[in-house]
Amino acid sequence: MPRLQPLLHELVTTVAAPTMALAGPDGQIRAAGVQGVFHADVRVLSAAVLLLDDHEPEPIGHAEAGAGTVHFVALARRLDPRLRIDRTRSVTPGRVDEQIRLSSAAPEPVSTVVTVELAADLAPIEVVRSGGPTTPVAAGRSAGGGLIWAQDGVTVTVGAQRAEIDDRGRLRWAVTLAPGTDTTLTFTVRVDDPSAAVHAPTRSRDWNPARVHSGDQRLGRLVARSLDDLHGLRLADGDDVYLAAGVPWFLTLFGRDSIWAARMLLPVGTGPAAGTLRVLARRQGTRVDAAAAEAPGKILHELRRQEFVLADGLRLPAAYYGTIDATPLWISLLHDAWRWGLPEAQVGELLPHLEAALGWLAGHGDDFLAYRDTTGHGLANQGWKDSGDAVRFHDGRPAEPPIALAEVQGYAHRAALDGAALLDAFGRPGGDRWRQYAAKLAERFRAALWLDAGYPALALDRDGRPVDSLTSNIGHLLGTGLLDAAEERAVATALGGEAMSGAYGLRTMSALDGGYTPLSYHCGSVWTHDTAIVAAGLARAGFGAEAAVLIDGLLTAAEAFGYRLPELHAGDARTALSRPMPYPAACRPQAWSAAAAVLMTQAVIGLEPDVPGGRVRLRPLAGAPFGPVEVRGLSIAGAPVDVRVDATGSATVSGLPTGLALG
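Please read all numbers here as calculations on a predicted model, not as lab measurements.

Visitor: Please explain the overall build of the chain as it appears in this structure.
Guide: A tally of regular secondary structure across the chain gives 14 helices and 35 strands. Along the first, second and third principal axes, the C-alpha set of the chain runs to 80 × 55 × 50 Å. In the chain, which comprises 663 residues, the proportion classed as buried is 60%. Summed over all atoms, the accessible surface of the chain reaches about 24200 Å², with 50% contributed by carbon and sulfur. Side-chain charges in the chain split into 61 positive and 73 negative, and the spacing between the mean points of these groups amounts to 2 Å.

Written as structure tokens, this is what we have:
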């Protein structure tokens with residue numbers, strides 16, 4: 001029987017990175033699929049099943065109270081239908097606390113034995129993700145009389161007040177409740193993991209707690225929930241905080257994902273950008289290593305505690321550089337953070353890394369940025385659409401590597417111009433060289449990737465043939481400077497039709513393409529961050545109506561998903577289904593999906609500062625499609641800034657730092 005990746009869409013997630021708990025909707029953690037408590041890529045608890053007199057209570061529902069706490073409510077009708085169980089799970093880094101409150105409205109005393117059956121397998125997350133077999137680890141007794149599991153340097157201990165504890169991993173309490181009374185039982189899981197590759201931050205906050213009030217209340221609700229989820233995804237390297245990519249598979253440093261999330265969060269603070277830039281700079285490539293896909297100046301793709309091996313043959317070293325786009329995106333994050341007010345001293349410290357990253361771009365000469373896995377066990381596709389079948393022709397045929405993605409050329413063009421601006425501003429040579437690089441790249445792009453259909457191809461394949469499917473990738477070209485105004489209009493027209501924009505967001509592939517499947521990973525699904533990036537590009541280019549359609553699609557999806565937008569959802573038409581269908585293996589929460597809420601808000605109000613230039617642009621979407629909007633607690637150069645857009649679309653800003661003016 002083939003191994004299958006466990007499904008995620010019905011699980012309840014509680015997270016405080018690098019620790020997370022995944023349970024069923026009833027709160028039970030069963031030894032099945034990906035349920036469990038994980039810490040830094042190890043499943044430290046594989047079961048936590050609550051029983052009353054050896055029977056599971058009947059679930060009523062659950063309610064989340066922030067990223068780190070969830071409440072589950074159930075009844076014990078076998079004992080008495082008036083016996084209620086409230087189970088509260090709170091996750092903090094390296095620790096899980098559970099409270100089980102029993103309350104009785106019965107007229108007679110109710111007696112029961114409450115049991116929590118625990119187990120641990122200490123399995124690596126890649127084994128769990130592959131659906132591979134795991135072996136339970138025998139429980140021992142800790143010095144304090146609790147339970148202990150230990151393996152490969154990871155130690156898990158469980159303590160419980162007033163409980164009887166046996167060596168089979170069971171906690172037991174004998175309880176008698178008088179009429180109208182209640183009692184609370186508690187247990188705590190602690191993890192000691194000195195070999196973890198990722199660590200929790202010590203600071204409590206890294207960005208402004210922005211608040212959004214709008215005529216369309218969905219926007220404010222999405223921002224509030226998203227910022228809370230992002231708080232739970234914070235990780236640190238020393239004093240530098242960055243965002244883990246997502247729960248459960250990617251709760252670690254991911255170059256591309258962490259960069260995009262930090263870039264989207266710039267309107268609420270430069271802290272995540274600064275931390276992400278420095279963490280990745282410390283791991284910037286210094287040598288040629290084909291096994292790790294490392295090269296001098298290249299930015300890391302992902303970081304694990306050990307070699308990451310999946311059942312499908314993927315085998316990645318602990319530090320893996322197999323990404324074609326993280327390096328130019330790092331350059332543009334540095335530039336954009338500078339424009340939002342990252343202090344010049346912090347920018348200056350990173351200039352040697354900027355020059356090294358530009359050197360990696362230069363290493364491609366006059367060729368397009370293209371990728372090819374030479375190992376046979378790395379990522380076959382190394383853009384953000386990194387599944388094996390993501391790059392397909394219109395007729396559905398897969399493209400063969402090396403592959404040059406359209407949006408990556410846009411990233412490179414933007415990075416060259418951004419790098420030139422930084423070099424000029426800080427008195428370093430090379431600015432003209434990179435402006436010339438950008439101009440030549442634009443010429444080559446038009447000659448090689450523009451289709452007769454009137455829009456750019458997805459990519460070039462190994463033979464230099466344009467991959468002629470219509471995909472969301474081309475929307476990432478907006479705002480890179482690679483396209484002129486007429487070309488931006490052509491892209492907006494291509495993406496604005498029903499085949500692309502007719503779902504709850506932007507489809508990754510047109511519904512008219514041969515490879516389209518609404519429940520595929522990258523060929524017809526809707527990715528939150530992708531839709532938000534394209535919507536922001538459309539808004540910036542003056543296509544507000546098209547941007548508003550995409551933002552409205554995501555807001556509708558957000559409402560359906562409890563305002564915790566997943567990594568992706570199905571690309572079914574809005575006219576076909578009254579709500580979006582989940583993609584069953586989607587991560588949730590996901591950093592760039594949550595951060596997309598801030599980017600969408602920025603697109604709605606049209607705020608773009610240039611702190612070094614002393615200017616702030618404020619151009620909201622015409623016609624105020626989401627009603628009047630007030631955003632309080634934005635951040636420009638560290639100062640709190642408020643923006644208001646009235647029902648006519650007229651905008652005002654208050655709190656701008658001295659030296660900045662609208663223009």
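After presenting the structure, the write-up continues.
Visitor: Would you explain the sheet that holds strand β33 (residues 639-645) in this entry?
Guide: One open sheet accounts for 4 strands, arranged β18-β32-β33-β34; its pairing is antiparallel. Looking at strand neighbours, the two that pair on one side only are β18 (211-214) and β34 (651-654), the edges of this open sheet. Put simply, the sheet's adjacent strands are angled 20° from each other on average, direction ignored. Pairing of β18 with strand β32 (residues 629-636), which is carried by 4 bridges, proceeds in the antiparallel orientation. Bridging across to β32, His 213 finds its partner in Glu 630. Sheet strands touched by helix α14 (residues 591-605): β18, β32 and β33. Its angle to β32, the strand with the most contacts, is close to 110°.

Visitor: Looking at this structure, I do not really get unusual backbone geometry. What am I missing?
Guide: Trans is the prevailing form of peptide bonds, just as negative phi is the prevailing case for residues other than glycine. Cis peptide bonds are those with omega within 30 degrees of zero, and the linkage from Val 247 to Pro 248 qualifies with 0°. Inspection of the secondary structure assignment puts Pro 248 in the loop between β20 (240-243) and α3 (255-264). Residues other than glycine seldom take positive phi values, yet Leu 122 does so here, at roughly 50°. Even without glycine at this site, Ala 624 takes up a positive phi of about 45°. Taking relative accessible area as the criterion, Ala 624 reaches 12% and is therefore assigned buried.

Visitor: Is there a simple way to explain the sheet that holds strand β10 (residues 110-119) in this structure?
Guide: Strand pairing within a sheet occurs via backbone hydrogen bonds; the two strands may be parallel or antiparallel. Taking strand neighbours across the sheet as the criterion, the 4 strands line up as β5-β10-β16-β15 in an open arrangement whose pairing is antiparallel. Two strands bound the open sheet, and with one partner strand each, they are β5 (47-52) and β15 (164-165). Bridge analysis of β15 against strand β16 (residues 170-177) gives 2 bridges, and the strand direction is antiparallel. The residue of β16 that forms the bridge with Ile 165 is Leu 171.

Visitor: I'm lost on the side chain of Asp 530 in this one. Help?
Guide: Topologically, Asp 530 is positioned in helix α12 (residues 528-540). The charged side chain of Asp 530 is buried without a salt bridge, its nearest counter-charge being Lys 385 at 5.1 Å. Within the structure, the side chain of Asp 530 is placed 2.6 Å from the side chain of Ser 472, a separation counted as a polar contact. In this structure Asp 530 touches Trp 384, Ser 472, His 476 and Thr 508, once residues within four positions along its chain are discounted.

Visitor: Explain the nonpolar core here, please?
Guide: Most often, soluble globular proteins have nonpolar side chains that are buried together. Counting residues in hydrophobic clusters, the biggest one holds 181 residues, and the most contacted among them are Trp 330, Leu 361 and Val 391. A per-element tally of this core places α14 first, with 12 residues. When residues no more than four places from it in sequence are discounted, the contact partners of Val 391 are Tyr 371, Asn 381, Arg 397, Pro 398, Ala 399, Ile 403, Leu 405, Leu 458, Ala 459 and Val 467. Counting 42 residues, the second largest nonpolar core, distinct from the first, contains Val 116, Val 154, Ile 165 and Val 191.

Parameters at a glance
- Residue numbers run consecutively from 1 along every chain, following the written order of its sequence.
- With pLDDT at 70 or above as the cut-off, local features in this predicted model cover only qualifying residues; side-chain atom pairs require 80 or more to be listed or tallied, and sums for whole chains, interfaces and linings still use all residues.
- Side-chain measures here rest on the full set of heavy atoms in the structure, leaving out hydrogens and waters.
- Secondary structure elements are defined from DSSP: runs of H or I of at least 4 residues count as helices, runs of E of at least 2 residues count as strands, and each element is numbered from the N terminus.
- When a residue's accessible area, from a 1.4 Å probe over protein chains only, is under 20% of the maximum for its type it is buried; when over 50% it is exposed; and in between it is partly exposed.
- Here the open area of atoms and residues is found with the Shrake-Rupley method and a 1.4 Å probe, where only the protein chains shown may cover a residue.
- Residues scored as charged are limited to Lys and Arg (positive) and Asp and Glu (negative), so that His and the chain ends carry no count.
- Here the site of a charge means atom NZ of a Lys, CZ of an Arg, CG of an Asp or CD of a Glu.
- DSSP bridges decide pairing: two strands pair if at least two such bridges lie between them.
- Each axis is a line fitted through C-alpha atoms, and for a helix only the stretch in contact is used; angles between axes span 0 to 180 degrees, taken between their N-to-C directions.
- In this analysis, two residues are considered to be in contact whenever any of their non-hydrogen atoms come within 4.5 Å of each other.
- Think of a salt bridge as a Lys or Arg side-chain nitrogen and an Asp or Glu carboxyl oxygen that are within 4 Å of each other.
- Throughout this description, a polar contact denotes any pair of N or O atoms lying within 3.5 Å of each other; where both atoms belong to protein, one of them has to be capable of donating a hydrogen while the other can accept it, and for residues adjacent in sequence the pair is counted only when both atoms sit in side chains.
- Each nonpolar core is a collection of buried residues, namely Ala, Val, Leu, Ile, Met, Phe, Trp, Tyr and Cys, held together in the definition by side-chain atoms within 4.5 Å.

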